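What follows is the residue order along each chain.
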Amino acid sequence: IVPHETSIGGVNLRIGGINGVSTHPDYRRRGYASRILEACIDHMRDLGCHLSLLSTGVPSWYRKLGWEYAGRTHVYRFDRGNRGFLASDPGLVMRTAAPCDFGSIAALHTGRDHGAIRSADHMRTVFTRNRARTWVAEDGGEVRAYLWTRGHAISEYGGPSEFVIPMISRLLEEWDDSATQTSTRTREDRLTDIIPTVHASLSTPTQSDAVTEVLDAIGILRSSEYVGMMRIENLEGLLRAYGLEDIAVECKGSSIRFTGPGWSHCCSLTDTVKFLFGPERPAGLTVDGMPFTFHEWPADRV
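Along every chain, residues carry numbers that run from 1 in the direction the sequence is written. pLDDT decides what is reported in this predicted model: residues at 70 or higher carry local features, side-chain atom pairs at 80 or more are listed and counted, and totals for whole chains, interfaces and linings draw on all residues regardless. Only hydrogens and water are set aside; all other atoms, that is, all heavy atoms of the structure, feed into the side-chain values.

Engineer: When you look at the layout of surface pockets in this model, what are you seeing that I'm missing?
Structural biologist: Over the atoms rolls a probe the size of a water molecule, and in doing so it shows where empty space is left. Only protein atoms enter the 1 Å grid used here. Points where a 1.4 Å probe fits but cannot escape make up a cavity, open sets with protein on both sides within 12 Å along at least five of seven lines make up a pocket, and a residue lines them when an atom lies within 4 Å of a point. Grid points are joined across faces, edges and corners, and a volume is the space filled by probe spheres set on the points. Of the volumes computed, that of the largest pocket is approximately 570 Å³. For the largest pocket, the lining is made up of 27 residues, of which V21, A33, V58, W61 and Y62 are closest to its centre. Note on conventions: DSSP H or I runs of at least 4 residues are helices, E runs of at least 2 residues are strands, and numbering of each starts at the N terminus. Taken together, the elements giving at least two residues each to the lining of the largest pocket come down to α1 (32–46), β3 (51–54) and α2 (59–63). If one sorts the elements of the lining of the largest pocket by residue count, α1 sits on top with 3 residues. Gly is placed with the polar residues, together with every amino acid not listed as nonpolar (Ala, Val, Leu, Ile, Met, Phe, Trp, Tyr, Cys and Pro) or charged (Asp, Glu, Lys and Arg). Grouping the constituent residues of the lining of the largest pocket by class yields 11 nonpolar, 10 polar and 6 charged.

Engineer: Please explain the sheet that holds strand β16 (residues 263–268) as it appears in this structure.
Structural biologist: Strands belonging to one sheet form pairs held by backbone hydrogen bonds; the direction of such a pair is parallel or antiparallel. The 3 strands are arranged β14-β15-β16 in an open sheet whose pairing can be described as antiparallel. Looking at the sheet topology across the chains shown, the edges are occupied by β14 (248–252) and β16. On average, each strand axis in the sheet is inclined to that of its neighbour by 20°, with strand direction left out of account. Strands are treated as partners if at least two bridges between them are detected by DSSP. Note that strand β15 (residues 255–260) and β16 share 6 bridges and pair antiparallel. In the strand pairing of β16, R257 is matched with C266. Note on geometry: axes are lines fitted to C-alpha atoms, helical ones only across the stretch in contact, with angles between N-to-C directions running from 0 to 180 degrees.

Engineer: Would you take a moment to explain the packing of aromatic side chains for this structure?
Structural biologist: Ring pairs (aromatic) are described by centroid distance and by the angle formed between their planes. Only Phe, Tyr and Trp rings are paired, with Trp represented by its six-membered ring, and only when their centres lie within 6.5 Å; those with planes under 30 degrees apart are stacked, over 60 edge-to-face, the remainder tilted. For the structure on display, the rule yields 13 aromatic pairs. Between the aromatic rings of F102 and F127, the centroid separation amounts to 6.3 Å while the plane-to-plane angle is 80°, which identifies the pairing as edge-to-face. Of the two residues, F102 sits in helix α3 (residues 102–110) while F127 sits in helix α4 (residues 120–127), which places them 25 residues apart along the sequence. Buried means the residue's accessible area, taken with a 1.4 Å probe over protein chains only, is under 20% of the maximum for its type, while exposed means over 50%, and partly exposed covers the values in between. The exposure class of F102 is buried, given its relative accessible area of 2%. Three or more aromatic residues joined by ring pairs make a cluster, and in this case those are F102, F127, Y146 and W148. Whether a charge lies above a ring is judged from NZ of Lys or CZ of Arg, which has to be within 6 Å of the ring centre and within 35 degrees of the ring normal. The residue whose ring lies beneath R231 is W67, and the NZ or CZ to ring-centre distance is 5.7 Å.

Engineer: What exactly am I supposed to notice about the nonpolar core here?
Structural biologist: Within soluble globular proteins, side chains that are nonpolar tend to cluster in buried spots. Here the nonpolar core consists of buried residues drawn from Ala, Val, Leu, Ile, Met, Phe, Trp, Tyr and Cys, with membership extended through side-chain atoms lying within 4.5 Å. Judged by nonpolar contacts, the single largest core of 30 residues is most densely connected at L239, F258, L276, F277 and F294. Mapped onto this core, the elements with two or more residues apiece are β2 (11–17), β3, β13 (228–232), α8 (235–241), β15, β16 and α9 (269–277). With 4 residues, α9 is the single largest residue contributor to this core. When near neighbours in sequence (up to four residues on either side) are disregarded, F258 contacts L235, L239, I247, A248, V249, W263, S264, H265, C267, T272, F275 and L276. Core analysis: the second largest hydrophobic core is formed by 25 residues, A137, Y157, L172 and V198 among them. Two residues form a contact once any of their heavy atoms are found within 4.5 Å.

Engineer: What should I look at first to understand the pattern of salt bridges in this one?
Structural biologist: A side chain with one charge may pair with a side chain of the opposite charge, provided their charged atoms come close. Salt-bridge detection follows one rule: a side-chain nitrogen of Lys or Arg within 4 Å of a carboxyl oxygen of Asp or Glu. This model, assessed by the stated rule, comprises 16 salt bridges. Residue R80 pairs with D176 through a salt bridge whose shortest N-O separation is 2.6 Å. One end of the pair, R80, is in the loop between β5 (73–78) and β6 (93–96); the other, D176, is in the loop between α5 (161–175) and α6 (187–191), and 96 residues separate them in sequence. For R80, a relative accessible area of 30% translates into the label partly exposed. Here E156 ties to R112 by a salt bridge, and the two come within 3.0 Å at their closest N and O atoms. With E156 in strand β10 (residues 153–158) and R112 in the loop between α3 and β7 (114–116), this residue pair connects regions lying 44 residues apart in the sequence. Both residues of the pair, E156 and R112, belong to the buried class.

Engineer: Quick question: what am I supposed to make of the sheet that holds β10 here?
Structural biologist: Overall, mixed pairing links the 7 strands, which are arranged β6-β8-β9-β10-β11-β5-β12 in an open sheet. Here the strands that pair on one side only, and so sit at the sheet edges, are β6 and β12 (222–225). Across this sheet, the average inter-strand angle for adjacent strands is 30°, counted without regard to direction. Both strand β8 (residues 133–139) and strand β9 (residues 142–150) contribute to a ladder of 7 bridges, which runs antiparallel. Across the sheet, W135 pairs through a bridge with L147, a residue of β9.

Engineer: I keep staring at α5 and nothing clicks. Help me out?
Structural biologist: Since the α-helix packs 3.6 residues into each turn, any two residues three or four apart lie on the same face. Expected span of a helix: the number of residues minus one, times 1.5 Å. Given a rise of 1.5 Å per residue, 15 residues ought to cover 21 Å, and the 21 Å separating the end C-alpha atoms of α5 matches this to within 8%. In terms of burial, α5 is a largely internal element, 11 of the 15 residues being buried.

Engineer: In this structure, what is going on with the packing of α5 against helix α7 (residues 210–218)? I would like to understand it.
Structural biologist: Packed helices, taken two at a time, are described by the angle their axes make and the gap between the axes. Axis separation between α5 and α7 bottoms out at 9 Å; the angle between their running directions is 55°. Taken together, the axes of α5 and α7 lie oblique to each other. The interaxial crossing formed by α5 with α7 has right-handed handedness. Contact with α5, carried on its side by S161, V164 and I165, involves A210, V211, V214 and L215 of α7 and no other residues of that element. Residues that form the contact of α5 with α7 fall into these classes: 6 nonpolar, 1 polar and no charged. Each angle receives one of four descriptions, namely roughly parallel if under 35 degrees, roughly antiparallel if over 145, roughly perpendicular if within 65 to 115, and oblique otherwise. Two helices crossing with the near one rotated counterclockwise from the far one by less than a right angle form a left-handed crossing, whereas a clockwise rotation gives a right-handed crossing.

Set out below in structure tokens:
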């Protein structure tokens, strides 16, 4: 369990990140993993976690323990056909981040109103693992913006759009050799893992910011994806954190009844995750303040 604090528009949450769950093949189907996860759930409650978050290739197994896909993140897609619409800056000073830059990078991250609370040391550790790369834009000797990339995925950014957008444009240009032809590739070329035309992506919150406003104004295509599988660990604390003091909850076994001014709704534990964080909504039920505004950057997911 890797717990962390996060702030989303002034809402302060404690999130437990679940990672590295596996059972030796000789000991599977004996209930050991379920017992481990049940112990994790108890421990996260002791730690004061409002919710927990994980990624997995076996979602049905986690559903049995209360996790469900929820929340939304946006992913913008770039290729040779649309990257030319991004503003470029030939004078942009862009380089790979040095260890001494992470104080400035952490300050840029802290300056926005959504994201995990991180130290410079934590960001340096996370951003340099698993062959990820961090890029910075420099102006007058000062770090003004950053990008964090994994392969051709830009997984996080920070700083003003007048630096971030040209940085993205520069990377897209460097990642793709425009002299490479795609229409004359041999069968052997097609069987390799090398893709001559870059198909890159940018992960962003669903909440609009200066960077996404530029991309939306251009019309760069985006898709929505789940943040991950989430589980509610402290329901009443979560409602209070989001300021919904007038909603009462009653838990009976695996069923949860919500009661607010003029309405009532009953959910399972997994449906409660959807009810609070979306994107799917119970038909015909609209509650002010729901679904909750939420975002986790990929770097915060263990």
